[in-house]
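# Residue-level structure breakdown
Each chain, letter by letter, is given below.
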Amino acid sequence: MKPVPHATSLRRAPVQRRSAERLTRILDACADLLDEVGYDALSTRAVAQRASVPIGSVYRFFGNKRQMADALAQRNLERYSERVTRRLWQAGEDGGWRTAMDAVLDEYLEMKRTAPGFSLVDFGNQIPVGARHTEPNHRVADRLTELLSGYLDREPDEDLRRVFLVAVETADTLVHLAFRVAPEGDERIIEEAREMLRAYLARALD
């Protein structure tokens, strides 16, 4: 079992393996319940019951459901980063930014379709996240800059981060539109989004 990344919303980070496994069960239960009842009806007590842990275990890590959902969003970002990294490793070094873009978009779409709770929480877009520097798409742009700068042989500077932020904001808007039109994402809108991203990134990265 992979450890849960230490989310900034955690009251206390797990130290022992047993504690980390309990936190994983809590976040898994939170994700499942989000799909079943939605965020408004989510409660820490229901999560504790689903995870088969005392309610005190939930409050050991989280003060409220918003902190729990934010931790789930951060775990989503960690898992997303792992998936993109694995795709790029399998593709090798010669794919360039087009291969990287396909990996970034395809893995996001796959998580949106299959990961429990992801359609509501995503990387935090559906919950309040406070100051601008912690906004979800800024988190994602920062992570992509970190992940892809070496693959693209580019400096991880503000110019590259700005490019990724614009691409992430564009993709986020269009993918959400695609999933509003069709439950699994309207393929025609997704392809339009892919073409727009290719045109923009070609100007910025070629």
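Conventions we followed
- Residues numbered from 1 in each chain as written.
- Predicted model: local features only at pLDDT ≥ 70, side-chain atom pairs only at ≥ 80, totals over all residues.
- Heavy atoms only, no water.
- Helix = DSSP H or I, 4+ residues; strand = E, 2+ residues; numbered from the N terminus.
- Buried < 20%, exposed > 50% of the residue type's maximum accessible area, 1.4 Å probe, protein only.
- Contact = heavy atoms within 4.5 Å.
- Phe/Tyr/Trp six-rings, centres within 6.5 Å; stacked < 30°, edge-to-face > 60°.
- Lys NZ or Arg CZ within 6 Å of the ring centre and 35° of its normal.
- Expected span 1.5 Å × (residues − 1).
- Polar contact = N/O pair within 3.5 Å; in protein donor to acceptor, adjacent residues only side chain to side chain.
- Core = buried A, V, L, I, M, F, W, Y, C linked by side-chain atoms within 4.5 Å.

### Brief notes about the overall build of the protein chain
Summing up its helical and strand segments, the protein chain has 9 helices and 0 strands in all. Ordered by position in the sequence, the α and β elements of the protein chain form the string α-α-α-α-α-α-α-α-α. Each of the 206 residues in the protein chain was classed as buried or not, and the buried ones make up 48%.

### With respect to the side chain of E107
Relative to the assigned elements, E107 resides in helix α5 (residues 96-114). Residue E107 is classed as buried on the basis of its relative accessible area, which comes to 10%. Discounting residues that sit within four places of it in the chain, E107 has contacts with Y80, R83, V84, R87 and D102.

### Section: the packing of aromatic side chains
Taken as a whole, this structure holds 6 aromatic pairs when the rule is applied. With a centroid separation of 6.3 Å and 55 degrees between ring planes, the pair formed by F61 and F62 is classed as tilted. Neither F61 nor F62 differs from the other in exposure class; each is buried. Site record: aromatic cluster; members linked through ring pairs are Y80, Y108, F118 and F123. Residue placement shows K112 over the ring face of F179; its charged tip is 5.3 Å from the ring centre.

### Thoughts on helix α4 (residues 65-91)
Here α4 contains 27 residues, and its C-alpha end-to-end distance of 39 Å stays within 8% of the 39 Å for a straight helix at 1.5 Å per residue. Capping the start of α4 is the job of one residue whose side-chain oxygen sits 3.1 Å from the backbone nitrogen of R66: N64. Downstream of α4 by a residue or two, G92 has a phi angle that is positive, lying close to 85 degrees.

### Re the nonpolar core
In terms of nonpolar packing, the biggest core is built from 38 residues, with Y80, L148, L152 and L201 touching the most fellow members. Among the secondary structure elements, those contributing two or more residues to this core are α4, α5, α7 (136-148), α8 (158-181) and α9 (187-205). A per-element tally of this core places α8 first, with 10 residues. Each residue touching L148, except ones within four places of it in the same chain, is listed here: L88, A100, V104 and F164. If you look at the next biggest cluster of nonpolar residues, it comprises 22 residues, including A31, L33, V53 and L72.

### Here we look at unusual backbone geometry
Although it is not a glycine, D122 sits at a positive phi angle of roughly 60 degrees. Mapped onto the elements of the fold, D122 is located in the loop between α6 (118-121) and α7. Using a relative accessible area of 1% as the deciding quantity, one classes D122 as buried. The backbone of D153 sits at a positive phi, close to 55 degrees, despite the residue not being glycine. Within the secondary structure layout, D153 lies in the loop between α7 and α8.

So yeah, pure geometry; function would need other evidence.
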